[in-house]
Amino acid sequence: MTQRTIARIRGPKATALVQRLQWVADPLQYMDTWGKQHPDIFATQVTGNTMIFVNHPQILQELLTRDTRDFEAPGRVNQILQPLLGEQSLILLEGDRHRQQRKLLMPPFHGDRMRNYGELICDVTQKVTSRWHENEVFVARDAMQEVSLMVILQAVFGIYSGERYDLLKRSIASMLSVTNSPLSSSLLFFSFLQQDLGSWSPWGRFLRQRQQIDQLLFTEIAERRQHPDEDRTDILSLMMAARDEQGQPMRDEELRDELLTLLFAGHETTATALAWTLYWVHRQPEVYGTLMQELDSLGPDADPMAIFRLPYLTAVCQETLRIYPVGMLTFPRVAKRVTELAGYRVTTGDTLVGCIYLTHRRPDLYPEPRRFKPERFMERKFSPYEYLPFGAGARQCIGMALAQYEMKLALATILMNYQLALAEKHPVKAARRGVTLSPLGGVRMKMIGRR
Ligand code: HEM
């Protein structure tokens, strides 16, 4: 059988630099334009080197089920995140070390453990939303970021009050604001901008914030080493108790990088997803009506597990992550050898990413893909390669269960307690926020009253 060649994006308007700038400034337009011309697979220059976007479920399935055999899921290609997360971050590790570290980090994120976080999520949501005043406008994403940061800090450290916690919360939110806009996220994309010109320069400010966070984390780790408490079940305690094959504990720098990785990967993404759910639910009255009917059927003091299992709530959260997947792409996979991928010829060293956004926008899978229609998830089942907001394979998101649990419980807690309205005149657009896709302006909303 003849092998097909992967279409390459070329032309005067698609030089490597132009592609890269378009990808940084307006990733949706970039993907929509080229996805229309090449719906299944195409080769881009968005990182300076060739990067192949895979948008067809069958090709994705082949890629992501062979990502330790014929392909690898290397950490070195995620170097862009090194200044934010550190060299020992799970996201930057590869091969055996990556596999071992995942094994170590996975247990606390297993679905069974979610029961422990149910009450915490509801309490935190109540606490944050209790500061809303009637008819006052607030930015949904900021409020949701507070919820998700408090949840992840509690799950990771087992603490959520005190001076160090407050400082940590503030410095992390501030450091991660480097990813707030296309302009500031250029700091990560273009290494020549990474110059420390003092605390007033953007990069200098970023480095100083990082140093402050390091200090706070190292102090927390040192205190726990001095006063070990075997009863603690938070993620940091589990990581500190773990030993590698030589019986060695994780070094402080490794602990710090993994903590930052979980905080970074765990709260920005979930906050954005929650802001989108609030947006869609309030933009479409029929969605709001159906969802409220379902939530009200549970009555007050509903058990978190009962909320989690609600079918329409589940469909609303699924559709939210379909229409604008917070992670637009999977992490890159690289071909270990010359091979065939669903009939396409792939050469050693070729870099491929699953394009979650374009897969979720395929009209053959999702008719009227631009419409928010939770029902589609109740009418049919999608395979893990047709619907993959958390990726798949060797690097599938380890926080998937926590994120889904948090989205449903926080959304339900808000809707059961408050009547809200959008304070946006126009439809909200999606824009890059670091490596994620987020509502531009964060979704302005108003609290109309309590329920
Ligand atoms: C709605 C929320 C979230 C979304 C949409 C999301 C999405 C993703 C995606 C697309 C990947 C890449 C998968 C791949 O390459 O196949 C990923 C990886 C990852 N996610 Fe999430 N995520 C979310 C929440 C979380 C949470 C709550 C945590 C942790 C507390 C987390 C931790 C991670 C980590 C550590 C990785 C890297 C795994 C590895 O390198 O092996 N994420 N996530």
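In short, a report on the structure. (Residues numbered from 1 in each chain as written. Predicted model: local features only at pLDDT ≥ 70, side-chain atom pairs only at ≥ 80, totals over all residues. Heavy atoms only, no water.)

Re the overall build of the protein
And then number 1: Tallying secondary structure elements over the protein gives 18 helices and 12 strands in all.
And then number 2: Its C-alpha radius of gyration of 22 Å places the protein within 12% of the 22 Å reference for a compact globule of 451 residues.
And then number 3: Taking the principal axes of the C-alpha coordinates as reference, the protein spans close to 60 × 55 × 45 Å.
And then number 4: For the protein, buried positions account for 54% of its 451 residues.
And then number 5: When contacts within the protein are restricted to residue pairs at least 6 apart in sequence, long-range pairs at least 24 apart make up 72% of them.
And then number 6: About 20600 Å² of surface is accessible on the protein, with carbon and sulfur atoms providing 51% of the total.
And then number 7: Between the mean site of the 55 positive side-chain charges and the mean site of the 50 negative ones, the protein shows a separation of 6 Å. (Helix = DSSP H or I, 4+ residues; strand = E, 2+ residues; numbered from the N terminus. Rg over C-alpha atoms; globule rule 2.2 N^0.38 Å. Buried < 20%, exposed > 50% of the residue type's maximum accessible area, 1.4 Å probe, protein only. Contact = heavy atoms within 4.5 Å. Areas by Shrake-Rupley, 256 points an atom, 1.4 Å probe, with all protein chains shown as cover. Lys, Arg positive; Asp, Glu negative; His and termini not counted. Charge placed at Lys NZ, Arg CZ, Asp CG, Glu CD.)

Regarding the pairing of strand 1 (residues 41-44)
And then number 1: Side-chain alternation along strand 1 places I41 and A43 on one buried face and F42 and T44 on a second face that is also buried.
And then number 2: Relative to strand 2 (residues 51-54), strand 1 is paired through four bridges, and the arrangement is antiparallel. Bridge pairing in strand 2 links F42 to F53.
And then number 3: The antiparallel pairing of strand 1 with strand 2 creates a hairpin that spans six residues between the two strands, and G48 there sits at a positive phi of about 95°. (Pairing = 2+ DSSP bridges.)

Section: unusual backbone geometry
And then number 1: Positive phi, close to 65°, is recorded for N135, a residue that is not glycine.
And then number 2: Position of N135 among the secondary structure elements: in the loop between helix 6 (114-129) and strand 4 (137-139).
And then number 3: In this structure, A342 takes a positive phi of about 45° despite not being glycine.

Details of the coordination of the iron atom of the ligand
And then number 1: A lone protein donor contacts the iron atom of the ligand, and this donor is C397 (SG), found at 2.3 Å.
And then number 2: Following the sequence through the fold, C397 ends up in the loop between helix 17 (376-379) and helix 18 (400-417). (Donors = N, O, S within 2.8 Å, 3.2 Å for Na, K, Ca; no water.)

Some remarks on the sheet that holds strand 9 (residues 418-422)
And then number 1: In space, the three strands of this open sheet follow the order 4-12-9, with antiparallel pairing throughout. At either end of the open sheet lies a strand with only one pairing partner, and these are strand 4 and strand 9. Adjacent strand axes in the sheet meet at a mean angle of 40°, parallel and antiparallel pairs treated alike.
And then number 2: Two elements, strand 4 and strand 12 (residues 444-450), share three bridges in a ladder whose sense is antiparallel. Its bridge partner being in strand 12, F138 is matched across the sheet by M445. (Axes fitted to C-alpha atoms, helices over the stretch in contact; angles between N-to-C directions.)

Points about the site of the ligand
And then number 1: Around the ligand lies a shell of 27 residues, among which H98, R102, F331, R395 and C397 are the nearest.
And then number 2: H98 has a polar side-chain atom sitting 2.7 Å from an oxygen atom of the ligand.
And then number 3: Taken together, the elements giving at least two residues each to the shell around the ligand come down to helix 5 (95-105) and helix 12 (252-283).
And then number 4: Ranked by residues supplied to the shell around the ligand, first place goes to helix 12 with six residues.
And then number 5: Among the residues making up the shell around the ligand, the classes are represented as 16 nonpolar, eight polar and three charged. (Near = heavy atom within 4 Å. Polar contact = N/O pair within 3.5 Å; in protein donor to acceptor, adjacent residues only side chain to side chain. Nonpolar A, V, L, I, M, F, W, Y, C, P; charged D, E, K, R; others polar.)

Quick look at the packing of aromatic side chains
Centre-to-centre distance and the angle between the planes together describe a pair of aromatic rings.
And then number 1: As enumerated under the stated definition, the model contains 17 aromatic pairs in all.
And then number 2: Ring centres 5.9 Å apart and planes at 70° place the aromatic pair W276 and Y279 in the edge-to-face group. Highlighted residues: W276 and Y279, both in helix 12, separated by three residues, approximately one helical turn. Comparing W276 with Y279, the two get one shared label, buried.
And then number 3: Among the aromatic residues, those joined into a ring-pair cluster are W276, Y279, W280, Y324 and F372.
And then number 4: In this structure, K408 is placed above the aromatic ring of F308, and the distance from its NZ or CZ to the ring centre is 3.9 Å.
And then number 5: Positioned above the aromatic ring of W23, the side-chain terminus of R432 is 5.0 Å from the ring centre. (Phe/Tyr/Trp six-rings, centres within 6.5 Å; stacked < 30°, edge-to-face > 60°. Lys NZ or Arg CZ within 6 Å of the ring centre and 35° of its normal.)

Overview of the pattern of salt bridges
And then number 1: Applying the stated criterion across every chain, the model contains 32 salt bridges.
And then number 2: A salt bridge links R76 to E94; the shortest N-O distance between them is 2.7 Å. One end of the pair, R76, is in the loop between strand 3 (71-72) and helix 4 (82-85); the other, E94, is in the loop between helix 4 and helix 5, with 18 residues separating them in the sequence.
And then number 3: Under the relative-accessibility criterion, E94 is labelled partly exposed at 30%. (Salt bridge = Lys/Arg side-chain N within 4 Å of Asp/Glu carboxyl O.)

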